[in-house]
Amino acid sequence: MTEQIQTPRRLILFLVIITSFINPFLGAAINIALPSISQDFSMGAVGMSWVSMAFLLSSAVFLVPLGKLADIKGRKQVFLTGNIIITVTSILCALAQSGGMLIAMRALQGIGSAMVFGTGVAIITSVYPARQRGKAIGITVTSVYIGLSLAPFLGGILTQYLGWRSIFYITVPFGLLVMWITLKYIKEEWTDARGEKFDLLGSLVYLLSMSAFMFGLSRLPDSSAIVLAGSGLIGLVIFIVMEQKIKYPVFNMKLFSSNRLFAFSNLAALINYATTFAITFLLSLYLQYVLGLSPRDAGMILITQPVTMALVASISGRLSDKYDPRILSSTGMGIIVGGLVLLTFLTSQSSICYLVINLAVVGFGFGMFSSPNTNAIMGSVDKKYLGIASATVGTMRLTGQMMSMAIATLILKLMIGNQPLSAQHSAAFMTSMKITFMIFVILCVLGVFASLARGRAHSG
């Protein structure tokens, strides 16, 4: 352990905080800019959603293989490479001349994000002892929510006054700072699985299957999408069978079959993100198309949820070092259910005050859930699995976010089609939003039971 503390823990935490801020900022700030991007590139509702989903899809499918690669080759190396990719693609996104180019660059950016998120929490867990881990993870999760908090506000101001491209330009200095500090001061590599052979075949089967499943999911209800999603699911079953037969699997399935805490905590995370991520996407469209607010004003309202998350997450992280994470996170998810129920009653005449209260309720529940749940997952595995555990947390998050966007996009497509949104579609949009939130309520109730089913606290 002594050689892993050569770099001050606080400096490592600082780097992870910056990257934990930038990645969600890039994702969430784009949501507020989607109407402007749609106008510039004449994109319909589905094309617009793909500016967000391309990033999520590539992040989700690459997280597990890159997390395992980090365990073998070194977490610092993968972390640094990811930040280089994010910085370069931010510049290229800002220079995009078409919707297709922007979506392609967002997909590449997602690979960089997978490298960063697949290593960040693992590095934190490597350098902090169990008694301080919840606090460190809580601070990291808080930085994620600060990024989410500032994204609608700053994204709205940047879009309104400097154009949507400025959202990408503003992140470049942060990326350069992280690269400089990592190269100059971070000496450790954290290769707890050094010597293991990388499972290239398993990684390819996983990448292809996960891509087919997620891409098919996003294009429902087309018949080709059903075939694609079904093929992806079959491929994932084949992948699970393969991984149980080799010595060094890219994804050790025993973590799920023999570790109840790990399995149910990840299932709870998947459901949690699947029921909350599209809230910002839908409400951004609601505020701008139905209520006629500017991007800046819409952003100032949407800031409520992530600000509340940020305030609660650091507190719940500290509490999870002392109390059972199962109770904390299950309570948080129960609060989210209440917030989602309130959102189903939104109308075109609802007051801003009502919406702000709803967002605060969801944010409080999310902040109460996330830090204890992540602490429970990371504390339940051996050190050599920290990279894959961190990647699994990220995969559940991104897969859940992708599912959330897929559900929202599917309902929008069924109600409105693929035509550009406008005020004349407000009635159909309101119906689709209500249906989506009702689906989220049902899923989130199931998530409460998954969270409770994990068993008692980890041993730390």
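Residues numbered from 1 in each chain as written. Predicted model: local features only at pLDDT ≥ 70, side-chain atom pairs only at ≥ 80, totals over all residues. Heavy atoms only, no water.

Draft legend 1. Molecular detail of the overall build of the protein. In terms of helices and strands, the protein carries 18 helices and zero strands. Whereas a compact globule of 460 residues would reach a radius of gyration of roughly 23 Å, the protein reaches 21 Å, a difference of no more than 12%. Taken along the three principal axes of its C-alpha coordinates, the protein extends 60 × 45 × 45 Å. Within the protein, the proportion of its 460 residues that are buried is 63%. Here the analysis covers contacts within the protein between residues at least 6 apart in sequence; of these, 85% occur between residues at least 24 apart. Within the structure as shown, the protein displays about 17,100 Å² of accessible surface, and the carbon and sulfur contribution to it stands at 68%. When the 31 basic and 14 acidic side-chain charges of the protein are each reduced to a single mean position, those positions are 4 Å apart. (Helix = DSSP H or I, 4+ residues; strand = E, 2+ residues; numbered from the N terminus. Rg over C-alpha atoms; globule rule 2.2 N^0.38 Å. Buried < 20%, exposed > 50% of the residue type's maximum accessible area, 1.4 Å probe, protein only. Contact = heavy atoms within 4.5 Å. Areas by Shrake-Rupley, 256 points an atom, 1.4 Å probe, with all protein chains shown as cover. Lys, Arg positive; Asp, Glu negative; His and termini not counted. Charge placed at Lys NZ, Arg CZ, Asp CG, Glu CD.)

Draft legend 2. Representation of helix 9 (residues 223–243) in the model. The end-to-end C-alpha distance of helix 9, which contains 21 residues, comes to 30 Å, matching closely the 30 Å that a straight helix rising 1.5 Å per residue would cover. Those residues of helix 9 that fall on the buried side of the exposure criterion are Ala225, Ala229, Gly232, Gly235, Leu236, Phe239 and Glu243. Buried residues of helix 9, viewed axially, fall in a sector of 120 degrees; they line one side. Seen from the buried face of helix 9, the exposed residues on the opposite side, beyond 90 degrees, are Ser223, Val227, Ile234 and Val237. Tucked into the core, helix 9 has its buried residues touching helix 8 (200–218). (Expected span 1.5 Å × (residues − 1). Arc of directions from axis to C-beta.)

Draft legend 3. Region of the structure containing the nonpolar core. Counting residues in hydrophobic clusters, the biggest one holds 141 residues, and the most contacted among them are Leu283, Tyr286 and Phe429. Among the elements that take part in this core, helix 1 (residues 9–41) stands out by supplying 17 residues, more than any other. The residues contacting leucine 283, other than those within four sequence positions of it, are Leu302, Leu343, Leu346, Leu355, Leu359, Met433 and Phe437. (Core = buried A, V, L, I, M, F, W, Y, C linked by side-chain atoms within 4.5 Å.)

Draft legend 4. Up close: the packing of helix 8 against helix 9. One can describe the packing of helix 8 onto helix 9 by two numbers: an axis separation of 7 Å at closest approach and a directional angle of 155 degrees. The pairing of helix 8 with helix 9 is recorded here as roughly antiparallel in orientation. Judged by the sense of rotation from one axis to the other, the crossing of helix 8 with helix 9 is left-handed. Residues Leu201, Gly202, Val205, Tyr206, Ser209, Met210, Ala212, Phe213, Phe215, Gly216 and Leu217 of helix 8 form the contact with helix 9, whose participating residues are Ala225, Leu228, Ala229, Gly232, Leu233, Gly235, Leu236, Phe239, Met242 and Glu243. Grouping the constituent residues of the contact of helix 8 with helix 9 by class yields 15 nonpolar, five polar and one charged. (Axes fitted to C-alpha atoms, helices over the stretch in contact; angles between N-to-C directions. Parallel < 35°, antiparallel > 145°, perpendicular 65-115°, else oblique. Left-handed = near helix turned anticlockwise from the far one by under 90°. Nonpolar A, V, L, I, M, F, W, Y, C, P; charged D, E, K, R; others polar.)

Draft legend 5. The arrangement of a nonpolar patch on the surface in detail. Taken together, Ile84, Val88, Ile91, Leu92, Leu95 and Tyr169 make up a surface patch of nonpolar side chains, about 470 Å² in accessible area. In terms of residues, the nonpolar patch owes the most to one element, helix 3 (residues 75–94), which gives four residues. With respect to the secondary-structure elements, valine 88 resides in helix 3. (Patch = residues over 30% accessible without salt bridge, like charges linked within 9 Å, V, L, I, M, F, W, Y side chains within 5 Å. Salt bridge = Lys/Arg side-chain N within 4 Å of Asp/Glu carboxyl O.)

Draft legend 6. Structural context of the environment of glycine 387. Inspection of the secondary structure puts glycine 387 in helix 17 (residues 386–416). Its relative accessible area of 0% is what places glycine 387 among the buried residues. Between the C-alpha atom of glycine 387 and that of leucine 63, which follows or precedes it by 324 residues, the distance is 9.8 Å. If we ignore the near neighbours within four places in the chain, the residues touching glycine 387 are Gly67, Asp71, Arg75, Gly118 and Ala122.

Draft legend 7. Quick peek at helix 17. Between its first and last C-alpha, helix 17 extends 44 Å over 31 residues, near the 45 Å set by a 1.5 Å rise per residue. Among the 31 residues that make up helix 17, 28 are buried, leaving the element largely enclosed by the rest of the structure. At the exit of helix 17 stands glycine 417, carrying a positive phi of roughly 90 degrees.

Draft legend 8. Summary view of the packing of aromatic side chains. For the structure shown, the criterion picks out nine aromatic pairs. Ring geometry for phenylalanine 41 against tryptophan 164: centres 5.7 Å apart, planes inclined by 70 degrees, an arrangement best described as edge-to-face. You can see phenylalanine 41 sitting in helix 1 and its partner tryptophan 164 sitting in the loop between helix 5 (130–161) and helix 6 (166–169), a full 123 residues away along the chain. The burial state of phenylalanine 41 is the same as that of tryptophan 164; both residues are buried. Between tyrosine 206 and phenylalanine 239, the aromatic rings sit 5.1 Å apart at their centres with planes inclined by 50 degrees, giving tilted as the arrangement. Placement of tyrosine 206 in helix 8 and of phenylalanine 239 in helix 9 is noted, with a sequence separation of 33 residues between them. What links up through ring pairs into an aromatic cluster is the set Phe21, Phe25 and Phe174. (Phe/Tyr/Trp six-rings, centres within 6.5 Å; stacked < 30°, edge-to-face > 60°.)

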